Amino acid sequence: TRSRLRLRSEVSVDLVLSIFPGIDMLGMAFEQEGFCVVRGPDVLWGGDIRCFHPPPGKFGGIIGGPPCPEFSPLRYLIAAHGYQSKHGNLIPEFERCVTEAQPNWFLMEEGVFAPDVDVPGDASRGFFLSPTWLGEEQSRKRRFCFGLKGEQSADLRRYIDYAVFEPLVAQPAVTHHADPYPVAIRGSGKPKIREALVLTNGEPTVYENGRITKGPARTLAEMCRLQGLPEDFLSGGDVPFTLTGKRMVIGNGVPLSMGRSLATAVLRAVEAS
């Protein structure tokens, strides 16, 4: 066990507010490293972050990952096919919650093209992290932004235990279908167009007639294993998700191994500040 660290404000760094939690795999990782995590509202459970106002001076830190389609590598391709983000850019809501709560530190997880968090009175720095950089099998690069109260920012990467070598796991290259022209006649008499085939994290994504469809996907058990969860996670009969819903909430989560490394790094960075 480790002693509870208290800062000059006498607020325990161990007490963390998790916003945009979903099933909160990032919060789970922080809990496994000894933090006490309080979860805010999430649209998944009928909540609305816009109506949420955290009390000031109660939380040592804030963690969370606003919905990230706005900052996905496929955002322009998705938009070109008529799709758009359901919730829009919610990073300003993350910034508002940090401003209102006045924690000693914060950590935001987002897509690779997300901007850094801008909170008055806090110094922040962004960086990228992938499980393979920690010696894990899964390649899933994400952007994080870590901030501390005051004028001196901290580079959280200094406190992360990186693996000496990445695992020898073959990563698929982005490829395109050899024949992007009509391949069949549909019932309406119109040709069916296969526009492109892109391999993302080993799962083919086919764009056909302006629609996005998935090719053969990993099993739910395999997804759980790669994310650091038991293979039967969310398999109980009282779990309120369809199979598609389970895949979505698990796939959107921060891998537990990466979350634990971040939690340990946060503690080290705050202690050193």
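Above this text sits the structure in question.
Since this is a predicted model, take the numbers as computed values, not measurements.

Chemist: Talk me through the nonpolar core; I want residue IDs and the actual numbers.
Modeler: Membership of the largest hydrophobic core comes to 28 residues, with the highest contact counts inside it found for F30, W105, L107, F146, L156 and L262. For F146, the residues in contact, after removing those within four places along its chain, are W105, F106, L107, A123, S124, R125, F127, A154, L156, V266, A269 and V270.

Chemist: Can you lay out the packing of aromatic side chains for me, pointing to particular residues and giving the numbers?
Modeler: For any pair of aromatic rings, the description rests on two quantities: the centre-to-centre distance and the angle between the ring planes. The tally for this structure, following the rule as stated, stands at 6 aromatic pairs. Between F35 and W105 the ring centres are 6.3 Å apart and the planes differ by 75 degrees, which places this aromatic pair in the edge-to-face class. Note that F35 is positioned in the loop between α1 (25-32) and β2 (36-39) and W105 in strand β4 (residues 105-110), a separation of 70 residues in sequence. Given the relative accessible area of 6%, F35 is considered buried. The interplanar angle of 75 degrees and the centroid separation of 6.1 Å between the aromatic rings of F94 and F106 together place this pair among those described as edge-to-face. Taken as a pair, F94 in helix α3 (residues 91-101) and F106 in strand β4 lie far apart in primary sequence, 12 residues in all.

Chemist: Please provide a residue-by-residue account of a nonpolar patch on the surface, values included.
Modeler: A cluster of nonpolar side chains, contributed by V43, L44 and W45, occupies part of the molecular surface with about 310 Å² of accessible area. For W45, the location among the structural elements is in the loop between β2 and β3 (61-64). What makes W45 exposed here is its relative accessible area of 52%.

Chemist: Would you mind going over the sheet that holds strand β5 (residues 122-129) in detail, with residue names and values included?
Modeler: The strand order β2-β1-β3-β4-β6-β5 describes an open sheet built from 6 strands, whose pairing is mixed. Across the chains shown, the open sheet's two edge strands, defined by having one partner strand only, are β2 and β5. With direction set aside, neighbouring strand axes in the sheet form an average angle of 20 degrees. Relative to strand β6 (residues 142-149), β4 is paired through 6 bridges, and the arrangement is antiparallel. By the bridge assignment for β6, E110 is matched with R143. The strands touched by helix α6 (residues 256-272) are β4, β5 and β6; relative to β6, the strand with the most contacts, the crossing angle is about 25 degrees.

Chemist: Quick one: what's the story with helix α5 (residues 243-251), residue by residue and with numbers?
Modeler: Considered for burial, the residues of α5 that qualify are G245, K246, V249 and I250. The buried residues of α5 all sit within an arc of 125 degrees when viewed along its axis, so they share a single face. Opposite the packed face of α5, turned more than 90 degrees from it, sit the exposed residues L243, T244 and M248. Each element contacted by the buried residues of α5 is listed here: α1 and α4 (220-226).

What counts, and where the lines are drawn
- Residues numbered from 1 in each chain as written.
- Predicted model: local features only at pLDDT ≥ 70, side-chain atom pairs only at ≥ 80, totals over all residues.
- Heavy atoms only, no water.
- Core = buried A, V, L, I, M, F, W, Y, C linked by side-chain atoms within 4.5 Å.
- Buried < 20%, exposed > 50% of the residue type's maximum accessible area, 1.4 Å probe, protein only.
- Contact = heavy atoms within 4.5 Å.
- Phe/Tyr/Trp six-rings, centres within 6.5 Å; stacked < 30°, edge-to-face > 60°.
- Helix = DSSP H or I, 4+ residues; strand = E, 2+ residues; numbered from the N terminus.
- Patch = residues over 30% accessible without salt bridge, like charges linked within 9 Å, V, L, I, M, F, W, Y side chains within 5 Å.
- Areas by Shrake-Rupley, 256 points an atom, 1.4 Å probe, with all protein chains shown as cover.
- Salt bridge = Lys/Arg side-chain N within 4 Å of Asp/Glu carboxyl O.
- Pairing = 2+ DSSP bridges.
- Axes fitted to C-alpha atoms, helices over the stretch in contact; angles between N-to-C directions.
- Arc of directions from axis to C-beta.

Any link to function would need more than the numbers given here.
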